[in-house]
Each structure stands twice: as structure tokens, then as C-alpha cells.
Amino acid sequence: MAISIETLFKERKYPFIFTLLVLLVCVTILFFTNITSTSTIDPIGFYPPDVKAQPAPTLADSSTTPKDQGLPQKEVVFGNVNIDWKLCKGAVAVDYIPCLDNLKAIKALKSRRHMEHRERHCPDSSPHCLLPLPKGYKVRVPWPKSRDMIWYDNVPHPKLVEYKKEQNWVVKSGEYLRFPGGGTQFKEGVDHYIKFIEKTLPAIQWGKNIRVVLDVGCGVASFGGYLLDKNVITMSFAPKDEHEAQIQFALERGIPATLSVIGTQKLIFPDNGFDLIHCARCRVHWDANGGKPLFELNRILRPGGFFAWSATPVYRDDERDQKVWNAMVTITKAMCWTVVAKTLDLSGIGLVIYQKPTSSSCYGKRKENNPPLCANNERKNSTWYATLSSCLTPLPVDNAGNLQSWPMPWPQRLTSIPPSLSTESDSTEMFYKDSKRWSEIVSDVYRDGLSINWSSVRNIMDMNAGYAGFAAAIIDLPVWVMNVVPIDMPDTLSIIYDRGLIGTYHDWCESLNTYPRTYDLLHSSFLFKSLEQRCDMVDVVVEIDRILRPDGYLLVQDSMEIISKLGPVLRSLHWSITLHQNQFLVARKSFWRPSS
């Protein structure tokens, strides 16, 4: 029989009802708290499908732990793995780069005319040996002091000091190598040269309109190093061994740089990525192969972007230089580039600045369709082992056919919607969700909760960058991040450049184009599961050991299944390991090397 509310109160049963109501409210709060926690940490996109389907990790522990005490951590006990590590041998072992030092493949090349010998030629099998340390190697000079001086013993290469002594690139001073800020075209110093460019074309607006720069044939990367003061991030690159160890010097200084060459293959950068490309006597024959090197610059330069060229053909009248200049005039006109500035500095250095078109109308007005526009099937951003094109990449448009706009001024472009983001209905939501997720992980876990001394970190590589949410979340730290988009993951590299950050494509089953001991921290978020299906995890760890500096960190967010497989291999290298919340592994590389 039904019992009325009045009867319950008369029979004094309301305490029982009150207790039930309290329990119901508590369960409801717990349920919605769990939903909220899950949704904010859900690892969307850029991960293998089976990782997406897993229950999302939560940060519940961090919310109850005072930040000054850090998150719960523990030394992990892993099973043993039997790996008999050996030191790599040979004259180049200390600075060995597997895919660039494959002498057997280089000797077998039929031609070196187009710098083929400086391109990637990976060995059939990855080496399982560990690289020895240079004699006297020590923890690097901290940033920002390192911009101007580094330990000589860490990069003991004196040839460049002697070769460029008149141009003030680098000077040996006691235990140090010092970088005075000179260069072939920087007769008054790199600071003066940077101001000279902006004075020549005020529209450049370093650090506002121009944020992402490519420096071709960068030397020791002083141009990019000093642009950091202007809030400009520069991808500096040069080929290995053209001037001994120049990129190694740059990375030891803490300046973004990579080994690359404009030869027969496309650069591993996205279409329409850079705001400005710079070349100061970079020794690239731009008119070679019918202008293919310039077509490649056109591909990676965003519409309305600039090419600043400072070289002898700009300001000398001898027959050889004038021949090169006339070829440049012909090719750039055919590409619809316009000269927006041409001048001569008081020091005698000449400069010309070209601008890529912002409209496709010029292409249709050309007398000859040469070079032609690339067909749609040639417009893929992925450029991994792709040959240089003989055509011009069409200007990028959105789904409605409208030309993509220039990104917002820096720093707004870091958090605004990237122009190259898909216009599909859920893309914007996914982008903001990813940004929020990384902001929470970095603030709640990475910055204060892990066993990482961030003050010792300068060069960072995100091995599976996605939208570069991790890099964006640590933008206020005195670090820079090389954002890697693996070739088997969704192509987000254009979005990363739109945000005002830098990055590259890579296949982690191969060696990276960088010198050994050039990064302070490698970051991996749910990457190893996909790698495990394609390559040997030990090979990947050997490559991580190669490019990570002693005392550097490997930070992995992954499942316990992956961590349990990764941990024993890292332990065999004598690395220290801590585990946080059963999903964040922090491994620190030691100075240990196997006996010779």
C-alpha cells in the first residue's frame, strides 16, 4: 500500500530518506566529475586507432597533491633484458649520423651534380651500437649564455674557426668556442643586418607579421639566433660537412637547426609554411635544373611571403654574377614573384626581396604556361623522399574555394584558428579540445609534477606533435620545440606552421637528420604502439640515445603495456627511470658508455 509523505514524517522515517538523498547527490557528483575528467584528457587524434579507443587517463591524483610536493612518483622495477651493448667504431663514430654517413651508398652514386651525396641514404639495418662521447665532454653551457659561447670539448672541430676567421663566424677562446655574430654578409654584425632588412622593407615587421623563417645555408645560425630576440623562430639548415660541424655548433648553442640540402628531393617541410625565406651567400644554384630549387622555395613559402636574397649577383657587375642575376629575373618573373625591394647597404652588401603572389590571376596572364601549375595529385603536403617538382604548387584555398588568409599576428596566431585547419564541422572543436588538453597536462603534470629540471632544458623534440599543443603549452619557457609529424600519422604540419611554430616530417623507423647529442628532451605521446608494428623498439631507443644529450630527458606518455616494454631497454642503458600515475615515464640519460 502506498505511504504518504505525511505518514513518513509522522513515523519519523525522514532521516532515512534524507540519507538516501545525500547518497544520490554524491553519486551524481562523482559521475559527472568522472565524465569531465575523462573529456578533458581524452587523447584525440594523431594516435593509433586502438589508443583512441582506450579509456582516457585522468589527472585525479594531481588535483589532490600540492604542486610544491610534486606528483606521486616511484622508481620502477622492470624485468631484465639481455642486450650486450657495444661502442660504435670508426673515425666518425663520435658524430655518426646513419642516414648521412652511409659511405657505401654514397660511393655507389652515379652523380653528385645535384648534391645527391648530401641527401639521405639510410643503411639497410640500423646499428645497435652506442656512440662514444667526445673526450672531455661535459654538460652544455646553459641558455642564454650558450648563444654566444659553448664548450670546445663538446664540439671539438677547429676547421671552421680557421676557414672563417676573417668573417668572424666563430673564434676559439681557451676552453670555449665563441660566436661574435659575424658572417659572410654580416660585415657590421648580425644585429645590424637584421635591422637593415626590416628598414629595407618595413612591412616585414619581425616578430609580428613575420614569425616563422627559413634560413638556407645558415652557417652557424647566428641569423636565426639573434632573430629570437625579435620573437621570430627560424628553421636554420645547411648540408652536412659543407662547412665542418656548422649545424652541430648551432644546436649546441641552443638555436633551432637541422641538416638538409636542396638537391634532388623536396625539403621535409609543409606547403605554404614559411613567412620569409632567407639566403645570405648560401651557395645554392637557384637557376639549376630549370629553376627547380626556386620552385621548391615557392612551394614552402606562404602566399604573400618574402624571399630575402643577399648574394653577389644582386650587387656585382662581373659577367658571372650578371648571368646568374639575369637567370633569376627570368625564373622569378615566370613564377609571378615580384621584387618589392632592392638596395645596397653602406657596408657594400646588396639585398633583394621578392614576394610570392597573393592571387592566382598572374598565372593565367603569363604568355607561356611555364612552369605549369602542379596537378591536384601533386599537392600532398607529405614530402618524404619525394623528388623536386617542375611545376608550381597552386595557392592554397579552403573548401569554399577562397584563398587562405595570412595567419593572425604573433602571438595571437598561436591560439587562433589556423588558416589551414579543415573547415569540417568538428575540426575547430578538436583543435580547441587538443589545446585545452595539453594546457592541463603541462600545468598539472609536466611543469611541477615530474622529475624534470626544466631550467636545464633548451632544445626539445616532440616526436608525435599533432597540432603542437605541447609546444604551445610551454611557449613561456625559454625553450624551443622541433615538432615532428610522423609520416604514418595525420598530416598536421601546415597547421603547426600556421600557429607560428616549426617542425618536420620523419619516419621514426629511420635515423633523424641531426648530429648526436643535440636535444635536451624528447617527448612522446602515444607514439610507440604504432612504431612497434613497423619497426624494432630497440632500434628506436638506440636513435633516441644518439640524439639525446647525457643528462637529457625522455618523457613518454603511454599505456603501461608500452612502458613495461620500453623500461627494461632504457634500464639496460643505465638510465634512471621514474613513473608517474602509471602513464608518464621520465627517463634520464646518464654519461654511461659500454667499455670499448
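Below: a short report on this structure.

What counts and what doesn't
Residues numbered from 1 in each chain as written. Predicted model: local features only at pLDDT ≥ 70, side-chain atom pairs only at ≥ 80, totals over all residues. Heavy atoms only, no water. Core = buried A, V, L, I, M, F, W, Y, C linked by side-chain atoms within 4.5 Å. Buried < 20%, exposed > 50% of the residue type's maximum accessible area, 1.4 Å probe, protein only. Contact = heavy atoms within 4.5 Å. Pairing = 2+ DSSP bridges. Helix = DSSP H or I, 4+ residues; strand = E, 2+ residues; numbered from the N terminus. Axes fitted to C-alpha atoms, helices over the stretch in contact; angles between N-to-C directions. Right-handed = clockwise from strand over helix to strand, strands pointing away. Disulfide = S-S within 2.5 Å. Phe/Tyr/Trp six-rings, centres within 6.5 Å; stacked < 30°, edge-to-face > 60°. Lys NZ or Arg CZ within 6 Å of the ring centre and 35° of its normal. Expected span 1.5 Å × (residues − 1). Bend = angle between axes of the 7 residues up to and from the residue. Salt bridge = Lys/Arg side-chain N within 4 Å of Asp/Glu carboxyl O.

A separate point is the nonpolar core. Proteins that are soluble and globular tend to have nonpolar side chains buried together. The biggest cluster of nonpolar side chains holds 118 residues, and the ones touching the most others in it are L214, W286, F307, W309 and Y446. Apart from residues no more than four positions distant in its own chain, W309 is found in contact with C279, W286, V314, V324, W325, M328, G350, L351, V352 and Y354. Membership of the second largest hydrophobic core comes to 22 residues, among which are Y193, I194, L201 and A308.

Attention now moves to the sheet that holds strand β3 (residues 171–173). With antiparallel pairing, the 3 strands of this open sheet are ordered in space as β2-β4-β3. The strands lining the two open edges of the sheet, one partner per strand, are β2 (149–151) and β3. Sheet twist, expressed as the mean angle between neighbouring strand axes with direction ignored, is 30 degrees. As paired strands, β2 and strand β4 (residues 176–178) are joined by 3 bridges and run antiparallel to one another. Following the sheet pairing, I150 is matched in β4 by L177.

Looking now at the pairing of strand β8 (residues 274–280). On a regular strand, one side chain projects to one face of the sheet and the next to the other, so that they alternate. Within β8, 7 of the 7 residues are buried, which leaves it mostly tucked inside the rest of the structure. Relative to β8, strand β5 (residues 212–216) is paired through 4 bridges, and the arrangement is parallel. Paired with D215 across the two strands is H278, which belongs to β8. The pairing of β8 with strand β9 (residues 301–310) spans 6 bridges and is classified as parallel. Across the sheet, residue C279 finds its bridge partner in β9, namely W309. A crossover connection joins β8 to the parallel β9 through helix α10 (residues 292–300); in handedness this β-α-β unit is right-handed.

This part takes up the state of the cysteines. Under the defined criterion, the tally for this structure stands at 6 disulfides. The disulfide partner of C336 is C362, and the S-S distance across this bridge is 2.1 Å. The sign of the S-S torsion, about -90 degrees, decides the handedness of the disulfide formed by C336 and C362: left-handed. One end of the pair, C336, is in the loop between α12 (319–334) and β10 (338–344); the other, C362, is in helix α13 (residues 361–365), with 26 residues separating them in the sequence. Owing to a relative accessible area of 5%, C336 belongs among the buried residues under this scheme. Each sulfur in the disulfide pair C509 and C535 lies 2.2 Å from the other.

It is worth spelling out the packing of aromatic side chains at this point. Enumeration over the complete set of coordinates arrives at 24 aromatic pairs. Considering the side-chain rings of W384 and Y385, the 5.0 Å spacing of their centres and the 65 degrees angle between planes classify their relative orientation as edge-to-face. Looking at W384, the relative accessible area reads 13%, which means it is buried. Each ring, one from W438 and one from Y446, has its centre 6.2 Å from the other, and the planes form 55 degrees; the classification is tilted. Judged by relative accessible area, which is 4%, W438 ranks as buried. An aromatic cluster of three or more residues is present, and its members are F186, Y193, F196, W206 and F223. The cationic tip of K138 hangs over the ring face of W151; the distance from NZ or CZ to the ring centre is 4.6 Å. The ring of W325 has K342 sitting right over it, with the charged end atom 4.0 Å from the ring centre.

By the criterion of burial, β9 is predominantly enclosed, with 10 of the 10 residues buried. Note that β9 and strand β11 (residues 350–355) share 4 bridges and pair antiparallel. The residue of β11 that forms the bridge with F306 is Q355.

The next subject is unusual backbone geometry. That bond from W143 to P144 is cis: its omega, 10 degrees, falls within 30 degrees of zero. Topologically, P144 is positioned in the loop between α5 (103–107) and β2. Residues N370 and P371 are joined by a peptide bond in cis, for which omega reads 0 degrees. Looking at where P371 falls in the secondary structure, it is placed in the loop between α13 and α14 (427–449). For H574, which is not glycine, the phi torsion reads 70 degrees and is therefore positive. The exposure class of H574 is partly exposed, given its relative accessible area of 45%.

Moving on: α14. Compared with the 33 Å implied by 1.5 Å per residue over 23 residues, the 31 Å span of α14 between its first and last C-alpha is a close match. A bend of about 45 degrees at V442 is the largest found in α14. Taken as a whole, α14 has its buried residues at S427, F431, D434, R437, W438, I441, V442, V445, Y446 and G449.

Now for the pattern of salt bridges. One pass over the structure, following the stated rule, counts 26 salt bridges. With its nearest N and O atoms 2.8 Å apart, the salt bridge here joins R120 to E510. Here the residue R120 occupies a position in the loop between α5 and β2, and E510 occupies one in the loop between β14 (502–506) and β15 (519–525), the gap between them amounting to 390 residues. Exposure remark for E510: the relative accessible area of 21% places this residue in the partly exposed category. When the shortest N-O distance is used, the salt bridge between R147 and D229 registers 3.0 Å. With R147 in the loop between α5 and β2 and D229 in the loop between α8 (222–227) and β6 (233–238), this pair connects stretches of sequence that are 82 residues apart. The exposure class assigned to R147 is buried, which follows from its relative accessible area of 15%. Residue classification places D229 among the exposed positions, given a relative accessible area of 57%. One salt-bridge network, held together by shared partners, links R140, E252, D520 and R549.

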